[in-house]
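Per-entry structural report
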Amino acid sequence: MKLIPKAKPVKIRIKSGGEEHSSLDSLKRNFNISDIQPLLDGRLVRWLKQQGDNELAETVNNFNPSSLHTPNGVMEFMQVFFAEYLQLYSIDNVFKLIVSWLNSSSFRNNGKHLLCYITKSSNNPESINIIKQLYKHKKELKCPELDWYAIFSALHKNCTKEDPEVTYILGTILYQDDAHIENYSYRERKKLGFELIDKAARLGNKEAYQIIMEIYESIKKETINKFDVIEAEKDKKTNIRFNNVDIKKLKSWIDKAWDNNFRSYNIIQPTNKDNMDNREMRIVKFITRIYRIGWISEHLGFQKALDEALEMFKNDKYDILNNEKQFVIGLIYTHISDRTRAEAIFTEIKNYRLANYMLYKVQTIDGVDFRRIPFQHQLTFIKDHLFDYE
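Residues numbered from 1 in each chain as written. Predicted model: local features only at pLDDT ≥ 70, side-chain atom pairs only at ≥ 80, totals over all residues. Heavy atoms only, no water.

Quick look at the overall build of the protein now. Scanning the protein from N- to C-terminus turns up 21 helices and two strands. In the protein, which comprises 390 residues, the proportion classed as buried is 46%. When contacts within the protein are restricted to residue pairs at least 6 apart in sequence, those whose partners lie at least 24 apart make up 56%. Entry remark: accessible area of the protein is about 22200 Å², with carbon and sulfur atoms responsible for 48%. (Helix = DSSP H or I, 4+ residues; strand = E, 2+ residues; numbered from the N terminus. Buried < 20%, exposed > 50% of the residue type's maximum accessible area, 1.4 Å probe, protein only. Contact = heavy atoms within 4.5 Å. Areas by Shrake-Rupley, 256 points an atom, 1.4 Å probe, with all protein chains shown as cover.)

Right, here's the structure in full:
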């Protein structure tokens, strides 16, 4: 009788998380999708059969590996191996699973692996939202050390539509005092960080809008003209705009003279008994001019109003009401749909509260949806708050 040698089955080696595994239990405690995904070419199925897990092998064999590029696909794959764990802890999404694993002594490695995997598969909105949540909760989750700047820089670059929150987070990463990022000096990093936060605020991110006002004072010394800083600080300390102005008297005159219906071309001029000094007369002159602009816009159109405003307010750069004058010009540009010029003007005078409001996507100012009210009402609002906004 001739003996025919029988070949021994080749033992398949499975590695995940830097370790070789000889049992399913070992694999599940160091489960790294980045390592396992290439094994879905049939090797993992054969390994599972060698372990005697034929039913699990069949399920894995029927799984579509291409679905692993989405969080939903990741969860379907995790359901194959960790169904009992997911059910026990009521976990139905990737974020909850990462949080659970990072806080587990047995599965913390899995949490680290899954966190890293998700941050690298960031071309879909679901993954981006998970990454943002993980970043915001990184301290309490005790996330492993990651290059968050690289992660959010890639997100910011690759997003087909700019994401305000991604822009804000990238800006805050750059702006942090303890940040160390190659190719950027401290000054460059702080400046770029501020610009990104500022941009996020303009895109409508509320957190960015709140923080932009808090950090503006500290960043402006590095980013704006030194002369402007000195003058702004001087104004702040001495309140020179309305120093020695009888505001109560002016308000009384303005309220009597102003006609909300803009029925006439001019409003009543002060009389001798009003006893106004030169500074007060300059304020009165501004009020009469913007009233006239309101009448012109209503009866002759915005282009004519713009021509009048440019003529009225030329060479007034150093006037105490320059902010208001420039703001009115910028406001008219918004009504003729020249948003580029309007935004340039608002940016130049963004220390003025109304200009700041127009730059950022907050809905109201002092309880009024200023952008949506008619132009004449906007002028009335400027008149009513003339002494409120330094």
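This paragraph deals with the environment of P164. Mapped onto the secondary structure, P164 falls in helix α11 (residues 164-175). Put simply, P164 and A200 are 36 residues apart on the chain and 4.8 Å apart in space, counted from C-alpha to C-alpha. Discounting residues that sit within four places of it in the chain, P164 has contacts with A200, L203 and N205.

Time to look at the state of the cysteines. Here the structure, examined in full by the defined rule, presents zero disulfides. You can see C143 has no disulfide; the closest cysteine sulfur is in C116, sitting 9.4 Å from it. (Disulfide = S-S within 2.5 Å.)

So, about the packing of aromatic side chains. Summed over the entire model, instances satisfying the criterion amount to 27 aromatic pairs. Measuring from ring centre to ring centre gives 5.3 Å for F327 and F346, while their planes differ by 40°; the resulting arrangement is tilted. Note that F327 is positioned in helix α18 (residues 322-335) and F346 in helix α19 (residues 339-348), a separation of 19 residues in sequence. Residue classification places F346 among the buried residues on the basis of a relative accessible area of 3%. Plain terms: the ring middles of Y357 and F370 are 6.1 Å apart, the flat faces sit at 90° to each other, and that makes the pair edge-to-face. One end of the pair, Y357, is in helix α20 (residues 353-359); the other, F370, is in the loop between α20 and α21 (375-384), with 13 residues separating them in the sequence. (Phe/Tyr/Trp six-rings, centres within 6.5 Å; stacked < 30°, edge-to-face > 60°.)

Quick look at the nonpolar core now. Core analysis: the largest hydrophobic core is formed by 120 residues, its most contacted members being L44, M78, L114, F152 and F327. Considering every element that reaches this core, the biggest residue donor is helix α16 (residues 278-300), with nine residues. Beyond its immediate stretch of four places on either side in the chain, F327 contacts F346, I349, Y352, L354, A355, M358, F370 and I382. (Core = buried A, V, L, I, M, F, W, Y, C linked by side-chain atoms within 4.5 Å.)

Glancing now at helix α15 (residues 247-257). Taken together, the buried positions of α15 are occupied by L250, W253, I254 and A257. The arc that holds the buried residues of α15, viewed along the axis, is 100°, so those residues lie on one side. Exposed positions of α15 whose direction lies more than 90 degrees from the buried face are K248, D255 and K256. Close packing links the buried residues of α15 with α16 and α21. (Arc of directions from axis to C-beta.)

Glancing now at helix α5 (residues 71-88). An α-helical segment advances 3.6 residues per turn. Residues three or four places apart therefore align on the same side. Taking 1.5 Å of rise per residue, the 18 residues of α5 would be expected to cover 26 Å, yet its terminal C-alpha atoms sit only 20 Å apart, more than 12% below that figure. The largest bend along α5 reaches roughly 105° and is located at F82. The complete set of buried residues in α5 reads P71, G73, V74, M75, F77, M78, F81, F82, Y85 and L86. Immediately downstream of α5, the backbone of S90 shows phi near 50°, a positive value. (Expected span 1.5 Å × (residues − 1). Bend = angle between axes of the 7 residues up to and from the residue.)

Looking now at the environment of L321. Among the secondary structure elements, L321 is positioned in the loop between α17 (302-312) and α18. Along the chain, L321 and F286 lie 35 residues apart, while their C-alpha atoms are 7.7 Å from each other. Excluding residues that lie within four positions of it along the chain, L321 makes contacts with R241, F242, R282, I283, F286 and L386.

Here we come to the pattern of salt bridges. One pass over the full model with this rule turns up 19 salt bridges. In this structure, the salt-bridge partner of R29 is D25, at a minimum N-O distance of 3.6 Å. Accessibility expressed as a relative area gives 48% for D25, which makes it partly exposed. Across the pair D198 and R202 runs a salt bridge whose closest N-O atoms are separated by 3.0 Å. Within this pair, D198 and its partner R202 are both found in helix α12 (residues 186-202), separated by four residues, close to a single helical turn. With relative accessibility at 7%, the residue D198 sits in the buried group. Salt bridges sharing common partners tie together K132, K136, D163 and E165. (Salt bridge = Lys/Arg side-chain N within 4 Å of Asp/Glu carboxyl O.)

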